[in-house]
Amino acid sequence: MLKRALWQGLAAGLAGAAVMTLAEKVEQRVTGRPDSYVPAQVLARLAGLPEPSGQQPRWQNLAMHYGQGAVVGVLRSVMAQAGLRGVWASSVFTSLRLANDQILENATGVGAPPLTWPRSEFVIDVLHKSIYAFATGAVADALAARDGAGPGQRHAAMRPGRQSDVGPLPYEGRRNGRVPARPR
């Protein structure tokens with residue numbers, strides 16, 4: 001499951017970052033908001049790169065933007081492989097994506113807590129991270145669905161509906177240090 005989640009998550013995260021970038025460009029044309037170079041500044045500080053006094057190099061911005069999108073996409077893919085799919089899972093993932101940004105930006109001193117931002121910037125950031133999360137989720141869910149139901153979905157199918165008395169799936173255990181292959 002994790003091997004599939006890795007490549008599927010990287011692909012889903014890159015797709016989500018591309019969709020978010022497109023949405024940002026549309027929003028910037030409407031609002032007149034300039035490009036943000038916060039991703040480049042975070043990358044420079046994390047990697048110990050020199051920080052130019054003017055605008056950060058575009059390649060650093062794109063590397064951090066797409067790299068972070070790809071890496072965080074793996075988490076959404078793990079969710080999908082486990083059976084956490086759909087709108088609910090993408091909503092939860094939106095919070096994780098926002099938290100990832102804020103941890104990196106605040107830990108490096110590049111950013112400040114979102115509640116200190118102007119409300120319009122906060123709303124735009126949440127909008128764009130939601131777009132990323134739902135686009136990434138759609139790709140991750142579609143790729144995971146090709147592998148069948150996840151363990152959580154198989155568990156839920158034991159007794160459909162909201163049930164409090166359904167125990168866990170039978171443990172398949174390990175044999176010779178390996179998890180048995182899942183029947184297809």
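Cut-offs and rules
Residues numbered from 1 in each chain as written. Predicted model: local features only at pLDDT ≥ 70, side-chain atom pairs only at ≥ 80, totals over all residues. Heavy atoms only, no water. Axes fitted to C-alpha atoms, helices over the stretch in contact; angles between N-to-C directions. Helix = DSSP H or I, 4+ residues; strand = E, 2+ residues; numbered from the N terminus. Left-handed = near helix turned anticlockwise from the far one by under 90°. Contact = heavy atoms within 4.5 Å. Nonpolar A, V, L, I, M, F, W, Y, C, P; charged D, E, K, R; others polar. Phe/Tyr/Trp six-rings, centres within 6.5 Å; stacked < 30°, edge-to-face > 60°. Buried < 20%, exposed > 50% of the residue type's maximum accessible area, 1.4 Å probe, protein only. pLDDT = per-residue confidence, 0-100. Expected span 1.5 Å × (residues − 1).

### Description of the packing of helix H1 (residues 2-31) against helix H5 (residues 119-145)
Then comes step 1: Contact geometry for H1 and H5: axes closest at 8 Å, N-to-C directions at 145°. The element H1 and its partner H5 pack so that their crossing is right-handed. Across the interface between the two elements, Trp-7, Gln-8, Ala-12, Gly-13, Ala-15, Gly-16, Ala-17, Val-19, Met-20, Ala-23, Glu-24 and Glu-27 from H1 touch Ile-124, His-128, Lys-129, Ile-131, Tyr-132, Ala-135, Thr-136, Val-139, Ala-140, Leu-143 and Ala-144 from H5.
Then comes step 2: A class-by-class count of the residues in the contact of H1 with H5 yields 15 nonpolar, five polar and three charged.

### Focus on the packing of aromatic side chains
In this description, an aromatic ring pair is defined by two values, namely the gap between the centres and the angle between the planes.
Then comes step 1: Enumeration according to the criterion identifies two aromatic pairs in this entry.
Then comes step 2: A centroid spacing of 5.9 Å and a plane angle of 35° characterise the contact between Phe-93 and Tyr-132, whose relative ring orientation is tilted. On the criterion of sequence distance, the pair formed by Phe-93 in helix H4 (residues 86-107) and Tyr-132 in helix H5 is long-range, its members being 39 residues apart. Like Phe-93, the residue Tyr-132 is buried in the burial classification.
Then comes step 3: A ring pair is formed by Trp-117 and Phe-122, whose centres lie 6.5 Å apart and whose planes are at 70°; its orientation type is edge-to-face.

### A closer look at the confidence of the model for the chain
Then comes step 1: Here the chain averages 88 in pLDDT, and 89% of its residues register 70 or above.
Then comes step 2: Averaged over each element, pLDDT in the chain is lowest for helix H6 (residues 151-157) (75) and highest for H4 (97).

### Brief notes about H4
Then comes step 1: Given a rise of 1.5 Å per residue, 22 residues ought to cover 32 Å, and the 31 Å separating the end C-alpha atoms of H4 matches this to within 8%.
Then comes step 2: Listed in full, the buried residues belonging to H4 are Ala-89, Ser-90, Phe-93, Thr-94, Arg-97, Leu-98, Asp-101, Gln-102 and Glu-105.
Then comes step 3: Remark: Gly-109 follows H4 within two positions and exhibits a positive phi of approximately 80°.

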